[in-house]
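Listed below are the residues making up each chain.
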Amino acid sequence: NGETREIDAPQDMPLLWALRQELGMVGTKFGCGIGMCGACTVHVDGVATRSCSLPVGSIGTKQVTTIEALGESPVGQALQAAWLEEDVMQCGYCQAGQLMNATALLTSNPNPSQDEIENAMRGNICRCACYKRINQAIARVAQEGTANA
Amino acid sequence: MRNLSPTLDIALARRGFLKASALIGGGLALTATLPMAARAVASPAGAAGEAGMLGAFITINPDNTITIIGKNPEIGQGIKTMLPMLIAEELDADWDQVSILQGDTDAARYGMQLAGGSFATPMNWIPMRQTGAAARQMLLAAAAQRWGVDAASLTTEPSVVVHAASGRRATFGELATEAAAMPVPDLAQVPLKSAANFRIIGRAIGGIDSPRIVRGEPIFGVDTQLPGMVYAAYERSPVFGARLLSANTDAAKAQPGVIDAFTVEGNGNAEDLVDGVAVIASNWWLANRARSVLSPQWDNGDWASHSTAGYDAAAAAAFASGEPQEVFANKGDIGAAFAGAAKVVEAEYAYPFLAHVAMEPMNCTALMHEDGHMEMWAPSQTPQGGQGAVAQYLGLTPDKVTVHITRMGGGFGRRLTNDYMVQVAAIAKRMPGTPVQLIWSREDDVRSDFYRPAGYHKLRAALDDAGKLVGIDDHFVTFDRPPGPFNPASMPAAEFPANYVPNVRYAQTKLATAVPMGALRAPTSNALAFVFQSFLDEVAHETGKDLPTLMLDLIEGAEPDPTEPGFFGPTPGFNPHRLAAVTRKVMDMARWSEPAAAGRAKGFGFYFSHMGYFAEVVEASLDARNQVVIHDVWAAGDVGSHIINPHGAMNQVEGAIIDGLGQALQLAVEIEGGAAKQSNFHNYQLPRMPMVPNLHVEFVMSDNAPTGLGEPALPPVIPALTNALFALTGKRVRKLPIDTRQFT
């Protein structure tokens, strides 16, 4: 998120647990620990990455972006606004990961097709099954661009 | 679900009391006190009117902002937004000036605080509105006094009192201090708005916490952070009912970051505390990793021999014997009905154990203060139950256990049981002064659940010469479980169509098990809808009808059932007119009379649960690999006279439909060696975005008090899908999850 942080932790500690409990940044969520649910998604050098399965020692000087800094990017900000417009969430626990993944999608592909949205988002579980609204929120930003953010 | 009083009168309060107090610096604080809540909780204080307050706590500040307490736990069902909407409506507040605070666990102040059973809407629809209306009356009285006019000549606009005759206006904030000195109205006497004047009820309002969530702010239970906090993991046997013999805690203590490790003795009751080993570390990942060196030795007793295959065989044996353990519904002469039947339809149905897998794994934070007072931050659907359980375990009175209610990453019924609260209390009591956060891994969550009970049904239907259903017989093989106020492994004696068929026998056989069982969203209904609506579809086909026609024929001329004793008091009985209305509505929406597109078929399902009526139609096909593709789902629901928050309501229905489809298609927890075989999302596969069909949801308004939407939309979608697959393939799905190999 643009800051350099140093921590004293084992090399093999997943980034997720370093973020949450060494750095106190709890926006990134623990869901499964095996990269199956996407709740822990962050960006590493702009690429959507499962932080539960990424050893903190492997990061080196790469840039890590978390949900806490999502609003600093135009796409992220537009998606946050669309999420509220569509009233996407029920419990909301998975939404940090959904937003991070959606931001990576629209950053690399600003006009995805329905199939591309579904394929890009299939790694993110929403137990409340707010999928229809997640899809609509992404489609809205794809359609309207980031100007309204 | 314990510590919940069964005596609460859902039929709403007749009389109530309010307490008003001036705030320091000006302003009005209002606490509603309702006898309804007084009956719901043991009365801690003596004075009438003080005891058992139902807290809708309104604070009106001089700057005209208003703070309303949301008393119930928020699990994603939208209650933290919706209950304050009811108060704000009758207060006539400017919603944009309202902020909402989550109330702590406090039975004396707030009455029942429960997220379960879709109960919050019917229980609070009138009391919350009365609370807001009473506060509005006090503001009117204050304005009347200030201006020397009759209160009846005053009206309100959002957060403003208006005297139209003189053009005078005063904001609620300007009047709040004076209002606090006004006599407190009798809640039962305060007039409520007519629906035509609603400004907030019926408005699509976004979740109150959503802006914080999209920014990743700490808001969930597991986000709780306290100075000096340490993290705990808990090793327990995967075999249900096992007792701990020994563990190598010294080895765990030697692992990096580990602060302590110790054994914990349970009480043999999974609802409270099972034997285990706690590992404490500076980081949960380190604590959890150190579990691998504990080498725990368990006494599994006989339970390790239990398996799904064994239960299947026991159910088959029970069916073969033809002798259920007990008959729990008996009407007419079932023997004669079958002896004289022109046709008998017979089928066996089965469904598996299911896990809840709330997205936020179970967790709880506890701090045992040096003075012996326990403070907790609990993601619990029944925080009052958890408070009681922890107090009992620690030998404290409940007032010595403070429970802060956190937002939850889902509940689905899992967090009705507070075992994780007792677990962390058992750990924290060993570490006075140090806050401890217990977190379960996903594997812990899937393998230590209170599962939706599996079940087996052998059904028979007797049809007369005219094809009329004249008898129904069910042998239900279920599981024995410890007594409790609600048994999710049970089946109602009135299970449809019992009241609409002259001869009925429902009987059951209960198998012993140590598998913990609990309520999963729409408990009992999520399984029984599949069984009975599928079987009735079979009956309908035998008689040359379709299921919606059979349903309408069965209830023809029937009047509403009388009020029934419900879990929290009397509830309106099943109303066949409402069944008919939603059935006709969904037939219209789905163009039921027209054939589906080529290669597809439609199926119907209806269910009444949690006071809500839902009829649903699924259109499905099979792809080239014989996998089920769901194209469209139409749902018509009747949950009363108002959809309080259309945003939340639609979201609940859409989510419930996909949840049900996921259960039908691919979810099962199998028992092997006395333990759950599934462990994480790779082998317990929830629906993902590509599976989501087109969803068409409409509500049928009826002249009934609004009821909750967390649950009733789920049950009928399962038989609607399986009935569609029968229409498509001619193969009947009689076992969940759907085994697509039967379609080849």
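If you're wondering where the values come from, they're calculated on a predicted model, not measured in any experiment.

1. Some words on the overall build of chain B
Of the regular secondary structure elements, chain B holds 18 helices and 30 strands. In summary, chain B has a C-alpha radius of gyration of 27 Å against a globular reference of 27 Å for 744 residues, a match within 12%. Expressed as lengths along the three principal axes of its C-alpha atoms, the size of chain B is roughly 80 × 70 × 50 Å. Counting contacts in chain B only where the partners sit at least 6 residues apart, residues at least 24 apart contribute 78% of the total.

2. As for the overall build of chain A
Regarding its fold elements, chain A presents five helices and three strands. Put simply, chain A runs from its N terminus to its C terminus through helices and strands in the order α-β-β-β-α-α-α-α. Relative to the compact-globule value of 15 Å for 149 residues, chain A shows a C-alpha radius of gyration of 15 Å, a close match. Principal-axis analysis of the C-alpha atoms places the extent of chain A at approximately 45 × 30 × 25 Å. Of all 149 residues assigned to chain A, the portion counted as buried reaches 58%.

3. A short note on the packing of helix H15 (residues 547-554) of chain B against helix H16 (residues 576-589) of chain B
Residues and elements named next belong to chain B. In the contact formed by H15 and H16, the axes pass within 10 Å of each other and the chain directions differ by 160°. What the angle tells us is that H15 and H16 run roughly antiparallel. Judged by the twist between their axes, the crossing of H15 over H16 is left-handed. Side by side, H15 and H16 meet where Pro548, Met551 and Leu552 of the first sit next to Leu579, Ala580, Thr583 and Met587 of the second. Here the residues of the contact of H15 with H16 sort into six nonpolar, one polar and no charged.

4. Points about helix H14 (residues 525-542) of chain B
All names here are of chain B. Between the first and last C-alpha of H14 there are 25 Å, a value that for 18 residues agrees with the 26 Å anticipated at 1.5 Å per step. Within H14, 15 of the 18 residues are buried, which leaves the element mostly enclosed by the surrounding structure. Among the residues trailing H14, Gly544 stands out with phi positive, at a value near 75°.

5. Examining the interface of chain A and chain B
In this complex, chain A contributes 46 residues to the contact, which on the side of chain B involves 48 residues. When contributions to the side of chain A that touches chain B are tallied by element, the ones reaching two or more residues are helix H1 (15-22), helix H2 (74-85), helix H3 (95-108), helix H4 (114-121) and helix H5 (131-144) of chain A. Looking at the side of chain A that touches chain B, the element that brings in the most residues is H5 of chain A, giving four residues.

6. A few points about the nonpolar core
Among the nonpolar cores identified, the biggest contains 280 residues, and Ala232, Val279, Ala287, Val424 and Leu721 of chain B are the most heavily contacted of them. Ranked by residues supplied to this core, first place goes to helix H4 (residues 120-147) of chain B with 14 residues.

7. With respect to the sheet that holds strand E8 (residues 168-171) of chain B
Residue and element names in this part refer to chain B. An order of E6-E7-E8 is seen for the three strands of this open sheet, with the pairing classed as antiparallel. Both outer strands of the open sheet, strand E6 (154-157) and E8, are each paired with one neighbouring strand and no more. Shown here is a sheet whose adjacent strand axes are inclined to one another by a mean of 25°, direction ignored. Two elements, E6 and strand E7 (residues 160-163), share four bridges in a ladder whose sense is antiparallel.

8. Remarks on unusual backbone geometry
Residue and element names in this part refer to chain B. The linkage connecting Phe496 with the following residue, Pro497, adopts the cis geometry, with an omega of 15°. With an omega dihedral of -10°, the bond running from Leu736 to Pro737 counts as a cis peptide bond. Within the secondary structure, Pro737 sits in the segment after helix H18 (717-729). Positive phi, normally seen in glycine, also occurs at Val357, with a value near 40°. If you trace the backbone, Val357 turns up in the loop between strand E15 (343-351) and strand E16 (363-368). Of the residues examined, Val357 has 25 C-beta atoms within 10 Å and is grouped as buried. Positive phi, close to 50°, is recorded for Arg591, a residue that is not glycine.

9. Focus: the packing of helix H17 (residues 646-666) of chain B against H18 of chain B
Residues and elements named next belong to chain B. Interhelical geometry of H17 versus H18 gives an angle of 55° and a closest axis separation of 8 Å. It follows that H17 is oblique to H18 by the angle criterion. For the crossing formed where H17 meets H18, the hand is right-handed. Here Ile657, Gly660, Leu661, Gln663 and Ala664 of H17 come into contact with H18, specifically with Val717, Ile718, Leu721 and Thr722.

10. As for the pairing of strand E4 (residues 66-70) of chain B
Residue and element names in this part refer to chain B. By the criterion of burial, E4 is predominantly enclosed, with four of the five residues buried. Summarising the sheet, strand E3 (residues 57-60) and E4 pair through three bridges and their orientation is antiparallel. Within the sheet, the bridge partner assigned to Thr59 lies in E4 and is Thr67. What sits between the antiparallel neighbours E3 and E4 is a turn of five residues, in which Asn64 has the positive phi angle 75°. Bridge analysis of E4 against strand E5 (residues 98-102) gives five bridges, and the strand direction is parallel.

11. Description of the environment of Gln387 of chain B
Residue and element names in this part refer to chain B. You can see Gln387 is positioned in helix H11 (residues 383-394). Judged by local crowding, Gln387 falls into the buried class, with 29 C-beta atoms found within 10 Å. Beyond its immediate chain neighbours, meaning those up to four positions away, Gln387 contacts Thr105, Pro398, Val401 and Val403.

12. Focus on the environment of Ala461 of chain B
Residue and element names in this part refer to chain B. Position of Ala461 relative to the elements: it lies in strand E20 (residues 455-463). Looking at Ala461, the number of C-beta atoms within 10 Å reads 26, which means it is buried. Along the chain, Ala461 and Asn503 lie 42 residues apart, while their C-alpha atoms are 9.8 Å from each other. Dropping the residues within four chain positions of it, Ala461 is found in contact with Val344, Val345, Leu469, Gly471, Ile472 and Val539.

13. Let's talk about the sheet that holds strand E9 (residues 230-235) of chain B
Residues and elements named next belong to chain B. Strand order in the open sheet made by the seven strands is E11-E12-E9-E19-E16-E17-E18, with mixed pairing throughout. At either margin of the open sheet sits one strand with a lone partner, and together these are strand E11 (258-264) and strand E18 (401-405). Sheet twist, expressed as the mean angle between neighbouring strand axes with direction ignored, is 20°. With five bridges joining them, E9 and strand E12 (residues 276-281) adopt antiparallel strand pairing. Each residue of the ladder has a partner; that of Ala233, found in E12, is Val279. Of the strands in this sheet, strand E17 (374-378) and E18 are in contact with H11, which crosses E18 at around 150°.

14. Points about H18 of chain B
All names here are of chain B. Between its first and last C-alpha atoms H18 spans 18 Å; for 13 residues at 1.5 Å apiece the expected length is 18 Å, and the two agree. Regarding H18, the residues found buried are Val717, Ile718, Pro719, Ala720, Leu721, Thr722, Asn723, Ala724, Leu725, Phe726, Ala727 and Leu728. Among the structural elements, H14, H15, strand E25 (601-609), strand E26 (612-622), strand E27 (628-638) and H17 are those in contact with the buried residues of H18. Positive phi shows up at Gly730, right after H18, with a value of about 75°.

15. Thoughts on the confidence of the model for chain B
It should be kept in mind that the predicted coordinates are not to be read in detail where pLDDT is low. Residues and elements named next belong to chain B. For chain B, the mean per-residue pLDDT works out to 91, and 92% of the residues sit at or above 70. This model gives residues 1-18 a pLDDT under 50, and the stretch forms 75 contacts once residues within four places in sequence are excluded. A low-confidence stretch, residues 32-56 (pLDDT under 50), is modelled with 82 contacts involving residues beyond four sequence positions or located in other chains. ipTM for the predicted complex: 0.97, alongside a pTM of 0.93.

Reading guide: rules and limits
Residues numbered from 1 in each chain as written. Chains lettered and ligands numbered in written order. Predicted model: local features only at pLDDT ≥ 70, side-chain atom pairs only at ≥ 80, totals over all residues. Helix = DSSP H or I, 4+ residues; strand = E, 2+ residues; numbered from the N terminus. Rg over C-alpha atoms; globule rule 2.2 N^0.38 Å. Contact = placed C-beta atoms within 7 Å. Buried ≥ 20, exposed ≤ 12 C-beta atoms within 10 Å, placed from the backbone. Axes fitted to C-alpha atoms, helices over the stretch in contact; angles between N-to-C directions. Parallel < 35°, antiparallel > 145°, perpendicular 65-115°, else oblique. Left-handed = near helix turned anticlockwise from the far one by under 90°. Nonpolar A, V, L, I, M, F, W, Y, C, P; charged D, E, K, R; others polar. Expected span 1.5 Å × (residues − 1). Core = buried A, V, L, I, M, F, W, Y, C linked by C-beta atoms within 7 Å. Pairing = 2+ DSSP bridges. pLDDT = per-residue confidence, 0-100.

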